[in-house]
Amino acid sequence: MGDRFVVVPVDGGGDVADEGQQHSGSVVVQATRLTGGVGREVKPELEEDTAVETQDPNHVVPILEYNREPNKYGDGVPKENSPFINNTDNDKSSSYDGTNMALFEEEMDSNPMVSSLLNKLANYTNLTQGAQEHEEADDDESTKKKAVKSPQMGTFMGVYLPCLQNILGVILFLRLTWIVGTAGILESLAIVGLCCSCTMLTAISMSAIATNGVVPAGGSYYMISRSLGPEFGGAVGLCFYLGTTFAGSMYILGTIEILLTYIVPKAAIFVAEKKEDAVDALLNNMRVYGTCCLILMSVVVFVGVKYVNKLALVFLACVILSILAIYAGVIKTIFEPPDFPVCMLGNRTLQNQNFDKCLKMDIFDNMTTTTQLWKLFCNGPELNATCNEYFLNNNVTEIQGIPGLTSGVISENMWSEYGPLGMLVESKKLLSVGGREPTEDIYLPYVVNDIASFFTLLVGIYFPSVTGIMAGSNRSGDLRDAQRSIPVGTILAIFTTSVIYFTCVVLFGACIEGVLLRDKFGDSVKGNLVIGTLSWPSPWVIVIGSFFSCCGAGLQSLTGAPRLLQAIARDGIVPFLQVFGHGKANGEPTWALLLTTGICEIGILIASLDAVAPILSMFFLMCYLFVNLACAVQTLLRTPNWRPRFKYYHWALSFLGMSLCLALMFISSWYYAIVAMAIAGCIYKYIEYRGAEKEWGDGIRGLSLNAARFALIRLEEAPPHTKNWRPQCLVLLNLDSDQAVKHPRLLSFTSQLKAGKGLTIVGNVLEGTFLTKEAEAKKAEQNIKSSMTAERTKGFCHVVVSSNLRDGVSHLVQSAGLGGMKHNTVLMAWPGTWKQSNDPQSWRNFIETVRETTSAHQALLVAKNVDSFPSNQDRLGEGTIDVWWVVHDGGLLMLLPFLLRQHKVWRKCKMRIFTVAQMDDNSIQMKKDLQTFLYHLRLNAEVEVVEMHDNDISAFTYEKTLVMEQRSQMLKQMQLSKTEREREIQSITDESRNSIRRKNQGAAECTSLSRQSSPTEDTQEDEAQLIHDRNTASHASMNDKSETGPEQVHMTWTKDKLFTERHRNRECNSNVAMRDLFNMKPEWGNLNQSNVRRMHTAIKLNEVVVNKSQGAHLVLLNMPGPPKNRGGDENYMEFLEVLLEGLNRVLLVRGGGREVITIYS
């Protein structure tokens, strides 16, 4: 109760005790006990603890007094903490506020009070309802969370500077001057404009996503996965991880290049004796030193990652100082250009490292002597030595490498100077004599292209210099106001860096000579960093600054990439990555760091900065592409949760950014783009099939929903054409008492028939009410889904709870599906135990289902002995699928075998079609017509026409009909108890089976007897045996105990004897039991001739089918329709039972009343 209530003792009469008189203005509530409850001790807060027995009127009764001091979110409603409300002191957040809210007290566990909700949000214990399911945080993880200090970082320190540090880097210092010199100022501006536009559009989309709710750690991976789903999120997240890892390789290679080329060139392990070996020596040095540097950085990250974060500002300071030095140097060139001469031979640029003077000959003590340059082109120092022809024909001149901002060199650097590998760097404004075969001179000390240069390559090399825009969103948890800081800081950082890049392109082209710009490694200025020659006060400012900048960026990449991999692994969407979710006790991703180091080593072994840069460009571009796609999809779908605070976005901008990213991928390197997309595609499909199912409310789900809605509306406009017809199945499953699937092979057959195409709805009906059967329905649905997964059946599950099974099945048949996506075929198992069932409703439900599918114009497939059907793992050998085409059903009988043979289980089976010819049919012509029909249907099948003559109805047929009608009449007329009815049904079943066993002998014998008793064929008399077993006699004796019938009656009847016996029975009134028994006899004269004819058809057709198709893998047969008169339903089941007897796998097929196959294209 806290300070909200005080307990005031009162006397037995209800007056307030002396201690409570001072609370005259209080609201007093007298405490009472629950009936049958146990008295509890109430501990007053102001007085000492006293135990009170409320049964004794002499004792003082404590009361609850309301303290009017309002609570934090008080509205004058007291909080109760009494025995009458289920509440615990341990869970204050779920406490129920006051008697005014008693109407909602039973829902407090799921729907907390608003005050509790606001209190949680104020303390920022993370989001409430939805956060746990959104992030799927386990309870044990939540208990380990420690209280986090309130974030205090603002826009400048939290977003702007980290983005600035990640965007500006190695490419600016090592390659931008070369890009300007090679591509020219105009094309360089185009490259910078394309890349910066791409990142700016991506930043706009990212700002919209980042401000649409709280973005936890994970940055772009989190945004993409929660916006586009786990498949896209995992694929793009891993691509972003690979890009970050290769970025680490690029920064390390840049660090080693600065170290070995500009700081300590003598530290090289591999030294080239010839110029042609210089490239290989440099690459080997990069590999050795790069591997050592990678190991050192990995150890630093493993041991003290916190120091890396603290040094980030130091590294950023180096970058900013270097850029300021560049601008200062540019300004200084206006007044006093720096002295960096470039030695030219003719119009060719010389490597100014192995000579001091740019002269062929020098005068020393009035004597002409050759210089070191002479020795490089001649075979000796003598004046008459043999020299290179071009060296002899051209003069050596010296030009200023940094002519200055006002020199007008900008006009010369406007246009591109692309060239192949080994092309000499030449100046257009100088004259050249001879030497038109520069390939012969590339191993002389000229400056040459180390790689072939073209526009698209430069785009790929430059793009990494604009990456790093995600740095702000990655720190969203540390920001005071992330939804304001991320858009402002990121866009401002991109704008700042874009201005820097644009100005640098122009200033480099305006201040530096073209040949020096194209000198990638500064060989013409004694190995100085080209951009360093422009800086002030010293080139070493840029060299040292860029060195530490690359070191810092490499450490940041090795720090961020393992955490990104750990976040992906802990999400559980990629099963084989789960091991990388573990780490040290403090959460550091040890295993992820090892994998990152291994992948980073691959980039180190490539050893070329120009080769690694396009690789990471691919991965970053793919990541940015999907950020734009996520924003566009969410904007177009207009999902209710899409409410970003950043309002300056539009789906058109996102699509433009996405298109630009895709274009840049193929512009940079089409083969790298294909490889990156293939990697992402493989990861996507892997997550789709093997990954954990996640529901993050992503936009792809919404997109699928919109697409499905659109398609359903289109389907609703018109029924499908015959060419598009395929069985859309509603599978009616039976479950046992434990809600387990009885016939899982029915699902196997469905998947074999469908092969993953079309609609499959698996339905089941539970008897009862939904309120009482909700748990069972969920369990049944889960079991059905598990069986569908095991049998590889793709579709939907629909469990219906109904007051009775008949209505439930009817509801499924009528309402399953949605709009135009409804089933057109019902698949069910044959009720094999219908005779043994105590409840006739079992087979009545089956017949009613047949009637309802017919009324709904839906096809019906009934599988008999479905448990013997092959599973998806079986492979049937050579065999046949036999189709018995008795009546035309729209072609469904033809179509089903074709669909089955598309599946690998039935692929080796051949199709045979049997049709039945009557006496007046031309069977030969009929076979030819059927073959022609199948030819036009493009179906390969053997055709056979079976002739069925109008044979006389056999005595066996009469016997089966008699047994059937005897059973029917007994159940209708005799009022049997449940036990007796079971005995009766069983006896008749046994008799029926015995009759079937006597089929061959009895039928022949009875037929011969029938023919002997007939004088002519026109007047032949039929005969049959009536057998009443001992149960029949016992039932008769129960009706009248005075008479006992014989144990078995065996009679042979002729027609005359039949009428005589009937007349005699009518006159006999002495024995009531025997009279009833004989009235109940299904005599020939009383037999329903329609039943006799149907039984005859069933028996004859069964004989033919068994004779032809007993060895077939599957028999498809037309299913006769049920009788219109419901009184003959049980006879209908007998007909079907006789029709299917002796066959193993049978599929009864009943068409839906429309053509489903056509001969037309």
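According to the stated counting rule, one finds two disulfides in the structure shown. With its sulfur 1.8 Å from that of its partner, Cys343 forms a disulfide with Cys358. Taking the sign of the torsion about the S-S bond as the criterion, the disulfide between Cys343 and Cys358, at about 80°, is right-handed. Here Cys343 is found in strand β4 (residues 341-345), whereas its partner Cys358 is found in the loop between β5 (348-349) and β6 (361-364), with 15 residues between them in sequence. Cys358 sits in the buried class, given a relative accessible area of 10%. The connectivity of the disulfides in the protein chain is 1-2, 3-4, where the numbers refer to bonded cysteines in sequence order.

Further remarks concern unusual backbone geometry. Here the residue pair Trp536 and Pro537 is connected by a cis peptide bond, since its omega of 10° sits within 30 degrees of zero. Relative to the assigned elements, Pro537 resides in the loop between α18 (530-534) and α19 (539-571). Despite not being glycine, Arg792 has its phi angle at roughly 60°, a positive value. Counting through the fold element by element, Arg792 comes out in the loop between α26 (770-790) and β11 (796-802). One non-glycine residue with positive phi stands out, namely Arg938, at about 60°. If you trace the backbone, Arg938 turns up in the loop between α30 (923-936) and β16 (942-947). A relative accessible area of 53% means that Arg938 is categorised as exposed.

What follows is about the sheet that holds strand β8 (residues 396-400). One open sheet accounts for three strands, arranged β5-β4-β8; its pairing is antiparallel. The two strands at the open ends of the sheet, each matched to only one other strand, are β5 and β8. By the bridge criterion, five bridges tie β4 to β8 in an arrangement that is antiparallel. Following the sheet pairing, Met344 is matched in β8 by Thr397.

Here we take up the nonpolar core. One finds Tyr462, Tyr501 and Phe508 to be the most contacted residues of the largest nonpolar core, which totals 159 residues. The element best represented in this core is helix α21 (residues 609-637), accounting for 20 residues. Once residues lying within four places of it in the same chain are set aside, the contact partners of Tyr501 are Ile167, Leu168, Gly169, Leu172, Leu176, Val192, Cys196, Tyr462, Ser465 and Val466. Ile881, Leu896, Leu900 and Leu930 belong to the second-largest nonpolar core, a separate cluster that totals 53 residues.

The rules behind the values
- Residues numbered from 1 in each chain as written.
- Predicted model: local features only at pLDDT ≥ 70, side-chain atom pairs only at ≥ 80, totals over all residues.
- Heavy atoms only, no water.
- Disulfide = S-S within 2.5 Å.
- Helix = DSSP H or I, 4+ residues; strand = E, 2+ residues; numbered from the N terminus.
- Buried < 20%, exposed > 50% of the residue type's maximum accessible area, 1.4 Å probe, protein only.
- Pairing = 2+ DSSP bridges.
- Core = buried A, V, L, I, M, F, W, Y, C linked by side-chain atoms within 4.5 Å.
- Contact = heavy atoms within 4.5 Å.

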